[in-house]
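Structural overview
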Amino acid sequence: MINRSKQDWAVGKTVKVGFLSLTVVAVVATPGDFKPDAYVLASATKGTFYEFVPHNGLNKIEAYEARELVSEGKRIAAQQAAEVIAKASATVKHAFEVAQMMVVA
């Protein structure tokens, strides 16, 4: 996610990319490949979609490509949430086992 910018890159916000004012439709995380996150942007006036990757530029895409990117972003977010839940569950289980050992001793 872009965080060192004067613009707000949250979903639903309007950002300026070059001379275009575009609305952020989705943020597609790219974990593991060390590339910046991709953004799906939409033009309200032209009805076109764009993919923006910082330092790689802005690409015009078709509506079906935008839908695929948005669904990929949702899939990645769900996978990351599941991993966090699994780690939290393991931590709680470990803490419970430690607490039981301390009570017995």
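Everything discussed here concerns the structure shown above.
Each chain carries its own residue numbering, running from 1 in the direction its sequence is written. Confidence filtering applies because this is a predicted model: local features only for residues at pLDDT of at least 70, side-chain atom pairs given and counted only at 80 or more, and all residues used for totals across whole chains, interfaces and linings. Based on all heavy atoms of the structure, the side-chain values leave hydrogens and waters out of the count.

**Points about the overall build of the chain**
Assigned secondary structure in the chain consists of one helix and five strands. Secondary structure elements of the chain, listed N to C terminal, follow the sequence β-β-β-β-β-α. Values of the radius of gyration come from C-alpha atoms, whereas the globule rule sets the reference at 2.2 Å times the count of residues to the power 0.38. Taking 2.2 N^0.38 as the reference for a compact globule, 105 residues should give roughly 13 Å; the C-alpha atoms of the chain span a radius of gyration of 20 Å, well beyond that estimate. Residue burial in the chain is summarised as follows: out of 105 residues, 25% are buried. Taking contacts inside the chain between residues at least 6 apart in sequence as the whole, the part at least 24 apart equals 26%. Per-residue accessibility takes into account occlusion by the displayed protein chains alone, with areas from the Shrake-Rupley method and a 1.4 Å probe. Roughly 7,600 Å² of accessible area belongs to the chain as shown, and the carbon and sulfur atoms make up 60% of that amount. Here a strand is any run of E in DSSP of at least two residues, a helix any run of H or I of at least four, and the numbering for each starts at the N terminus. Burial here depends on accessible area, computed with a 1.4 Å probe over protein chains only, as a share of the maximum for the residue type. Under 20% is buried, over 50% is exposed, and the range in between is partly exposed. Residues count as neighbours in contact if any of their non-hydrogen atoms are within 4.5 Å of one another.

**Here's the deal with the nonpolar core**
In terms of nonpolar packing, the biggest core is built from 10 residues, these being Trp-9, Val-15, Val-17, Leu-20, Leu-22, Val-24, Tyr-39, Leu-41, Tyr-50 and Phe-52. Per-element tally for this core: the top contributor is strand E2 (residues 20-28), with three residues. Residue contacts for Leu-41: discarding those within four places in its chain leaves Trp-9, Val-15, Val-17, Leu-22, Thr-23, Val-24, Val-25, Thr-48, Phe-49, Tyr-50, Phe-52 and Leu-58. Residues belong to one nonpolar core when they are buried, are Ala, Val, Leu, Ile, Met, Phe, Trp, Tyr or Cys, and are joined through side-chain atoms within 4.5 Å. Formed by eight residues, the second largest nonpolar core is a distinct cluster that contains Ala-26, Ala-38, Val-40 and Ile-61.

**Quick notes on the sheet that holds strand E5 (residues 57-61)**
Either a parallel or an antiparallel arrangement is found when strands of a sheet pair, and the pairing is made through backbone hydrogen bonds. Any two strands with at least two DSSP-identified bridges between them are counted as paired. Strand order in the open sheet made by the five strands is E1-E2-E3-E4-E5, with antiparallel pairing throughout. The open sheet has two edge strands with one neighbour each: strand E1 (14-17) and E5. Neighbour-to-neighbour, the strand axes of this sheet turn through a mean angle of 40 degrees, independent of strand direction. The pairing of strand E3 (residues 38-42) with strand E4 (residues 49-53) spans four bridges and is classified as antiparallel. When the sheet's bridge partners are listed, Val-40 is paired in E4 with Glu-51. Every axis in this analysis is a line fitted to C-alpha atoms, fitted for helices over the stretch in contact. Angles between the N-to-C directions lie between 0 and 180 degrees.

**Digging into the packing of aromatic side chains**
To pair, rings of Phe, Tyr and Trp, with the six-membered ring standing in for Trp, must have centres within 6.5 Å; the planes then decide the type, stacked if under 30 degrees apart, edge-to-face if over 60, and tilted in the middle. Counted according to the given criterion, the structure contains two aromatic pairs. The interplanar angle of 55 degrees and the centroid separation of 5.0 Å between the aromatic rings of Trp-9 and Tyr-39 together place this pair among those described as tilted. With Trp-9 in the segment before E1 and Tyr-39 in strand E3, this residue pair connects regions lying 30 residues apart in the sequence. Owing to a relative accessible area of 4%, Trp-9 belongs among the buried residues under this scheme.

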